[in-house]
Amino acid sequence: MLGTPFLLFPRVLPSLIGSEHHRKTKFSLSGYEAAVPITEKSNPLTRNLDKADAEKIVQLLGQCDAEIFQEEGQIMPTYQRLYSESVLTTMLQVAGKVQEVLKEPDGGLVVLSGGGTSGRMAFLMSVSFNQLMRGLGQKPLYTYLIAGGDRSVVASRERTEDSALHGIEELKKVAAGKKRVIVIGISVGLSAPFVAGQMDYCMDNPAVFLPVLVGFNPVSMARQSFFLCVPLDLRNDPIEDWRSTFWQVAERMQKMQEKEEAFVLNPAIGPEGLSGSSRMKGGSATRILLETLLLAAHKTVDQGVASSQRCLLEILRTFERAHQVTYSQSSKIATLMKQVSTSLEKKGRVHLVGWQTLGIIAIMDGVECIHTFGADFRDVRGFLIGDHNDMFNEKAELTDQGPQFTFSQDDFLTSILPSLTEIDTVVFIFTLDDNLAEVQALVEQVRKKSPNIQALVHSTVGQSLPAPLKKLFPSIISITWPLLFFEYEGSYVQKFQRELSTKWVLNTVSTGAHVLLGKILQNHMLDLRIANSKLFWRALAMLQRFSGQSKARCIESLLQAIHFPQPLSDDVRAAPISRHVQVAHEKEKVIPTALLSLVLRCATAEAKARLAAAPSVCEVVRSALSGPGQKRSTRALGDPKDCGAVN
């Protein structure tokens, strides 16, 4: 088997082979990599994303986001979708369980948990629903857990999601003394050990805990890889500090769902526009699904009735309309994308300055560029204007931790504003309900330093941007929302629409800017930073896909690139994945270095030198892939049938 192409096959129990369950969890459409989880597949829509201009990038990514709302049978006929009856039924069941806690709040708690992007979404939703409850004069019942603690909200610390024990210990702390705790664990690819451990712990303690798992792969595609390319002791990819794989945990939850002792919410939403980049569609779908069911629970509990499917559908359709409203501004989004790309190309900085929770969205977008594109934390940064004292669990974790953890209004004024240059870009993100005098004062200060300022402004019908403020911006993305005649909870629908719209715009802009900079090969994140075990396996899959070489050779090249200049010893080769991730996390251009070494059959040092001399990472890799004397295969050209897979 050593010379065969590298493939990762989901392990399916013999009893399921040929069964109805197995048939429903197989990707039947041609053009998709059948062995790869949906969240890791290459989306055919964006196969040539790296060749697109700004306007085309916006169009393609908008089409990918629209797949969230596609009905069952439109694109993936064998999978349940967001609007599928089975998904809506489970959403209603979970909303009912939340209502039980809301009706008897003493000793009750709703925990939203995840790592990386999922943890940041948990943080934001917890903040929003606690604000909603305070506005109703109720005691807040929500909290969040994010792998690595509060510092992971404002900085890239993806490696922390690899510990199941860490997740359990954090859950025990927040749930101490509680009588009934609903734990909503978010893992887009059903892969994060931090979440798997918590779900397992909840099932072992059903008298107190109710686990709800949210992700966007079928359970059969949960992380439980059968790796043909790695040593035998790693084949089942067990969680290093836990007894189970994610797949085993999710399977157990499905069985317990029959008695409503656990729930799995996992509609398929299609592959990401940027392969595996779950910060985009996965993060958006997480918010849409959970904000819908939680808002429905709050809205109906005050009326003394159970949530209904009609209530869910009303809220879901507002999010679907938000997509249409947002992407109606495609040309202006493309303009902002080109400006951001120009600043980054000139080695300038991009600062996203947002008011209230829109500032949180800005912070998230900047943080996620670090591991997604191998960016410096200073390249794209978000700042929050407004009070954030009640948002964090442990605000002390963010005090005096260094420049990487700065995000407040004071931080922007003291550390960013004085050093702004004319090649930097500043994007102001606000609503017409914010303090516009404060907005104008800050814009005027920034204009003295850089002419490159743009605005993303949300308003409702009947509102207009004051002329003195409007004339300060050379370009404005202005998004106008219709008036919604809902009760108090209904006002949060509009708040959620604005936040989601802002996320779509910023994700599209920052992704597109890095595409224009040559950071993407086809629709793959060639220059991602290997920050956890999931990204380690994704890196290995990309090497196999584009080099066409044996699995053993790809592993060797990747480890050489990670540990360079240290020579590889047998001890290093046999080290656990966490050891390799720990080293790789601190290094740049690991994957391009390994790929060049494979394709050109050169030493790691030579590959690094070629990259250092090249204008862009993907340019030198493309040149190597198409160079004379290189034996090309369909795999190197991106034939999905020959792709590596990662769970």
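As a reminder, the structure under discussion sits directly above these lines.
Everything numeric here is computed off the predicted structure, so don't read it as measured data.

Novice: Residues and numbers for the sheet that holds strand S7 (residues 263–265), please.
Specialist: If you trace the 5 strands from one edge of the open sheet to the other, you get S3-S2-S4-S5-S7, paired in parallel fashion. One side of each edge strand has no neighbouring strand; the edge strands of this open sheet are strand S3 (142–146) and S7. The average undirected angle you get between the axes of adjacent strands in this sheet is 20 degrees. Pairing of strand S2 (residues 108–114) with strand S4 (residues 180–186), which is carried by 7 bridges, proceeds in the parallel orientation. Considered in S4, the bridge of glycine 114 is made with isoleucine 186. In the packing of helix H8 (residues 246–257) onto the sheet, contacts are made with strand S5 (209–214) and S7, and the angle to S7 comes to roughly 115 degrees.

Novice: Which residues make up the packing of helix H18 (residues 551–563) against helix H21 (residues 590–600), and what values go with them?
Specialist: One can describe the packing of H18 onto H21 by two numbers: an axis separation of 8 Å at closest approach and a directional angle of 130 degrees. Judged on the interaxial angle alone, H21 and H18 are oblique. The way H18 lies across H21 gives a crossing that is right-handed. Packed against H18, whose contacting residues are Arg553, Cys554, Ser557, Leu558, Ala561 and Ile562, the element H21 presents Val590, Thr593, Ala594, Ser597 and Leu598 at the interface. Residues of the contact of H18 with H21, tallied by class, amount to 7 nonpolar, 3 polar and 1 charged.

Novice: So what's going on with unusual backbone geometry? Residues and values would help.
Specialist: Cis geometry is adopted by the peptide bond preceding proline 565, which originates at phenylalanine 564 and carries an omega value of 10 degrees. Phi is positive for lysine 589, close to 55 degrees, though the residue is something other than glycine. By the secondary structure assignment, lysine 589 is in the loop between helix H20 (577–584) and H21. Overall, the relative accessible area of 28% leaves lysine 589 in the partly exposed class.

Novice: Go over the pattern of salt bridges, please, and point to the residues and values.
Specialist: For the coordinates displayed, the defined rule picks out 26 salt bridges. A salt bridge links lysine 338 to glutamate 55; the shortest N-O distance between them is 2.9 Å. Of the two residues, lysine 338 is situated in helix H11 (residues 330–345) and glutamate 55 in helix H2 (residues 54–66); the sequence distance between them amounts to 283 residues. With a relative accessible area of 39%, glutamate 55 lands in the partly exposed category. Close ionic contact of arginine 287 with glutamate 499 constitutes a salt bridge, the shortest N to O distance being 2.5 Å. Note that arginine 287 is positioned in helix H9 (residues 281–301) and glutamate 499 in helix H16 (residues 488–516), a separation of 212 residues in sequence. Arginine 287 sits in the buried class, given a relative accessible area of 1%. Via salt bridges that share partners, Arg120, Arg279, Asp365 and Glu368 belong to a single interconnected network.

Novice: Any chance you could break down the sheet that holds strand S10 (residues 425–431) for me, citing the residues and the numbers?
Specialist: Taking strand neighbours across the sheet as the criterion, the 5 strands line up as S9-S8-S10-S11-S12 in an open arrangement whose pairing is parallel. Strand pairing shows two members of the sheet lacking a second neighbour, strand S9 (380–385) and strand S12 (475–481), which therefore form its edges. Strand-to-strand twist across the sheet, computed as the mean angle between neighbouring axes with direction ignored, equals 15 degrees. Of the pairings in the sheet, the one linking strand S8 (residues 350–355) to S10 comprises 5 bridges and is parallel in character. Paired with glycine 354 across the two strands is isoleucine 429, which belongs to S10. Helix H12 (residues 357–373) contacts S8, S9, S10 and strand S11 (453–460) of the sheet and is inclined by roughly 160 degrees relative to S9.

Novice: Explain helix H17 (residues 533–547) to me, and be specific about the residues and the numbers.
Specialist: With 15 residues, H17 should reach 21 Å at 1.5 Å per residue; the first-to-last C-alpha distance of 21 Å fits that figure. The element H17 is extensively covered by neighbouring structure, given that 15 of its 15 residues are classed as buried. Of the residues flanking the end of H17, it is glycine 548, one or two places downstream, whose phi is positive at about 70 degrees.

Thresholds applied
- Residues numbered from 1 in each chain as written.
- Predicted model: local features only at pLDDT ≥ 70, side-chain atom pairs only at ≥ 80, totals over all residues.
- Heavy atoms only, no water.
- Pairing = 2+ DSSP bridges.
- Helix = DSSP H or I, 4+ residues; strand = E, 2+ residues; numbered from the N terminus.
- Axes fitted to C-alpha atoms, helices over the stretch in contact; angles between N-to-C directions.
- Contact = heavy atoms within 4.5 Å.
- Parallel < 35°, antiparallel > 145°, perpendicular 65-115°, else oblique.
- Left-handed = near helix turned anticlockwise from the far one by under 90°.
- Nonpolar A, V, L, I, M, F, W, Y, C, P; charged D, E, K, R; others polar.
- Buried < 20%, exposed > 50% of the residue type's maximum accessible area, 1.4 Å probe, protein only.
- Salt bridge = Lys/Arg side-chain N within 4 Å of Asp/Glu carboxyl O.
- Expected span 1.5 Å × (residues − 1).

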